[in-house]
Amino acid sequence: MDSSGQTEGVPELPEVEALAAYLRERAVDHAIARIDVAAIGVLKTYDPTPLALHGALVTGATRHGKFLDLDVDGIHLVTHLARAGWLHYRDSLPAAPPKPGRGPIALRVHLDDESGFDLTEAGTKKSLAVYLVRDPSEVPGIARLGPDALSISDAEFAERIRGQRGQIKGVLTDQTVLAGVGNAYSDEILHVAKLSPFALAYRLSDEDVTRLYGALRSVLTDAVERSIGQGAATLKAEKRSGLRVHARTGLPCPVCGDLVREVSFADRSLQYCPTCQTGGKPLADRRMSKLIR
Ligand SMILES: [Zn+2]
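The structure presented is a predicted model; accordingly, all values stated were derived computationally and were not measured. In this convention, every chain numbers its residues from 1, walking through the sequence in written order. Local features in a predicted model are, by the rule used here, given only for residues with pLDDT of at least 70; side-chain atom pairs are given and counted only at 80 or more, and totals for whole chains, interfaces and linings are based on all residues. With hydrogens and water stripped out, all remaining heavy atoms of the structure feed into the side-chain values.

### Topic: the pattern of salt bridges
Piece 1. Put simply, a salt bridge is a Lys or Arg side-chain nitrogen that is within 4 Å of an Asp or Glu carboxyl oxygen. Summed over the entire model, instances satisfying the criterion amount to 17 salt bridges.
Piece 2. Across the salt bridge formed by Glu15 and Lys239, the nearest N and O atoms sit 3.6 Å from each other. Within this pair, whereas Glu15 is found in helix H1 (residues 13-26), its partner Lys239 is found in helix H7 (residues 235-241), the two being separated by 224 residues in sequence.
Piece 3. For the exposure calls, accessible area comes from a 1.4 Å probe over protein chains only, and a residue counts as buried if that area is under 20% of its type's maximum, exposed if over 50%, partly exposed in between. Looking at Lys239, the relative accessible area reads 7%, which means it is buried.
Piece 4. Ionic pairing is found between Glu207 and Arg211, a salt bridge with its closest N-O pair at 3.9 Å. Placement of both Glu207 and Arg211 in helix H6 (residues 206-227) is noted, with a separation of four residues, approximately one turn of the helix.
Piece 5. Overall, the relative accessible area of 60% leaves Glu207 in the exposed class.
Piece 6. Classification of Arg211 by relative accessible area gives partly exposed; the value is 32%.
Piece 7. Taken together, the shared-partner salt bridges in this structure form one network comprising Glu17, Arg63 and Asp148. Only DSSP runs of H or I covering at least 4 residues are called helices, and only runs of E covering at least 2 are called strands; the numbering of each starts at the N terminus.

### Notes on the packing of aromatic side chains
Piece 1. Classification of ring pairs uses Phe, Tyr and Trp, with its six-membered ring standing for Trp, and accepts pairs whose centres are within 6.5 Å; under 30 degrees between planes counts as stacked, over 60 as edge-to-face, and the remaining range as tilted. Using the criterion set out here, one finds four aromatic pairs in the structure.
Piece 2. Three or more aromatic residues joined by ring pairs make a cluster, and in this case those are Tyr22, Tyr89 and Phe117.
Piece 3. Remark: a charge is flagged as sitting over a ring if the NZ atom of Lys or the CZ atom of Arg is within 6 Å of the ring centre and within 35 degrees of the ring normal. Over the face of the ring belonging to Tyr202 we find Arg165, whose NZ or CZ atom lies 4.2 Å from the ring centre.

### Details of the nonpolar core
Piece 1. Here the nonpolar core consists of buried residues drawn from Ala, Val, Leu, Ile, Met, Phe, Trp, Tyr and Cys, with membership extended through side-chain atoms lying within 4.5 Å. Judged by nonpolar contacts, the single largest core of 36 residues is most densely connected at Leu23 and Leu87.
Piece 2. Looking at this core, the elements that each hand over two or more residues are H1, strand S1 (32-37), strand S3 (67-72), strand S4 (75-80), strand S5 (85-90), strand S6 (105-111), strand S7 (116-121) and strand S8 (129-133).
Piece 3. Per-element accounting of this core gives the leading share, six residues, to H1.
Piece 4. Core analysis: the next-biggest nonpolar cluster, separate from the first, contains 28 residues, Ala149, Val171, Ala193 and Ala215 among them.

### Some points on the UniProt feature "domain: Formamidopyrimidine-DNA glycosylase catalytic" (unreviewed entry) in the protein chain
Piece 1. UniProt positions are given in the numbering used here, feature names are shortened, and annotations may be inferred rather than shown by experiment. Mapped onto the present numbering, the UniProt feature "domain: Formamidopyrimidine-DNA glycosylase catalytic" (unreviewed entry) falls on residues 11-128.
Piece 2. The span residues 11-128 is 12% helical and 36% strand by assignment, and the distance between its end C-alpha atoms comes to 11 Å.

What follows is the structure, encoded as structure tokens:
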């Protein structure tokens, strides 16, 4: 049921926001009964240990960029779900701990009402990361985060974008510049803003940057609205159904009907509409041309 293939990608701001809202509803005011660590490599910190959380009350759930943060009475269980990671909430968890090293379950959190959740990772590339810290800023990835994509002002956005030398696709997904946007939503934002993903950030006009900020706001707000209230189980399908260009190679652009194209970018691929974004000209695949040469 849950393929966790590449099209899903890393859960981004809207999905992590919805998971935090879900945990606020289901887990807050419950005590943690037990934590089972099934994949030892998933836990990136040594002190405090999971035992410190046993019997402690969940007091909050929030998000830092794409990191999920469960506040357990002052100790934070922080998760970065990465590309094939996910959270599965279950009303009734089996009492027996999951077998270490087998199956996708990396860590299981039991609450005092027998419900709880599994943090899972499909596939072989293990990049799901869990941190137990007294302050979220002890997590290196959180300490480096730029301002949050949902709360950044238009002026600060313009200043940060303009200060970058790279292509706008890479700039939007650089968590130190802007926190929360990844591969999927950057494709969507650039499509709405009618900008080429390869445009150089510092060369964008005032008008381009204003349009880009508007697209950032509308795409993310819309995705958060659709995601909140979805259970953890249905969030991925909801994300997929709202996408205009991302993971839609070969399908018609919902705005102009041109076919959505794909080009490689860094270690993955991006999707865009040539008519809407690049003056009708398909982008050259640089990785491919490098291989041919
Ligand atoms: Zn189009």
